[in-house]
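These are the residues of each chain, in order.
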Amino acid sequence: MHVLARDPQDGWWLVLTPACDLYEDLPGGGNRAAKAEYVRLAKAVPLSEAPLIARWIEAGSPGKGSRERNAALEMFRDNNARYRILPKYLDIPDLLVDFEIVQAVPLAEVRSWTRVATLDSPFAEAMSPDSGPGDQHVGWPSRLMRWFLRRDPSSTLSRILEGKVFESCDP
């Protein structure tokens, strides 16, 4: 189970430490202490703030074949072990999780952060940092991703992809 959290400075973080290592009994309810003293976190940023996407936007959001768009599309490839995308949902913007920006923060400090969401399937499986090149990893069902993209066709995610991912599966 992966949890999306916000720190006191409104930064987005994906909790990588397994939930079972963070569980502890409530005071007066038992004696189980958390197994982890620190929580491993991967940084997430709104998609429009990701460097390659920001360059594409600054260039005027050029279309197919442009150098800026092609560079931005690299982040969406299945074999890209560094990045994962979380599509916009309610008050959560499209987020880009960067598995090269990982921190270990004391559990006591993270407990004061805001828990924003718990990722469900297929997003939890897709966020596995060890699902990089050469590893087997879960694909996102085409209908689910199309549904997210069609909910807000003006979103950064929809505009950068412009049907690129699912052009062959659309009816």
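Structural data are supplied above this passage.
Described below are features of the structure shown in this document.

Reading the values: the criteria
Residues numbered from 1 in each chain as written. Predicted model: local features only at pLDDT ≥ 70, side-chain atom pairs only at ≥ 80, totals over all residues. Heavy atoms only, no water. Helix = DSSP H or I, 4+ residues; strand = E, 2+ residues; numbered from the N terminus. Buried < 20%, exposed > 50% of the residue type's maximum accessible area, 1.4 Å probe, protein only. Contact = heavy atoms within 4.5 Å. Areas by Shrake-Rupley, 256 points an atom, 1.4 Å probe, with all protein chains shown as cover. Pairing = 2+ DSSP bridges.

### What to know about the overall build of the protein chain
Of the regular secondary structure elements, the protein chain holds seven helices and six strands. Seen in sequence order, the protein chain has helices and strands lined up from the N terminus as β-β-α-β-α-α-β-β-α-β-α-α-α. Counting all 171 residues of the protein chain, 41% fall into the buried class. Contacts in the protein chain between residues at least 24 apart in sequence constitute 63% of all its contacts with a sequence separation of at least 6. Working note: accessible area of the protein chain is about 10000 Å², and carbon and sulfur atoms make up 50% of it.

### A closer look at the pairing of strand β5 (residues 95-106)
Bridge count for strand β3 (residues 38-46) against β5 is nine bridges, and the pairing is antiparallel. Note on β5: the bridge partner recorded for A44 is V97. Note: strand β4 (residues 83-86) against β5, four bridges, orientation antiparallel. Looking at the pairing, I85 lines up with L96 of β5.

Remember that the coordinates give geometry; whether it matters functionally is a separate question.
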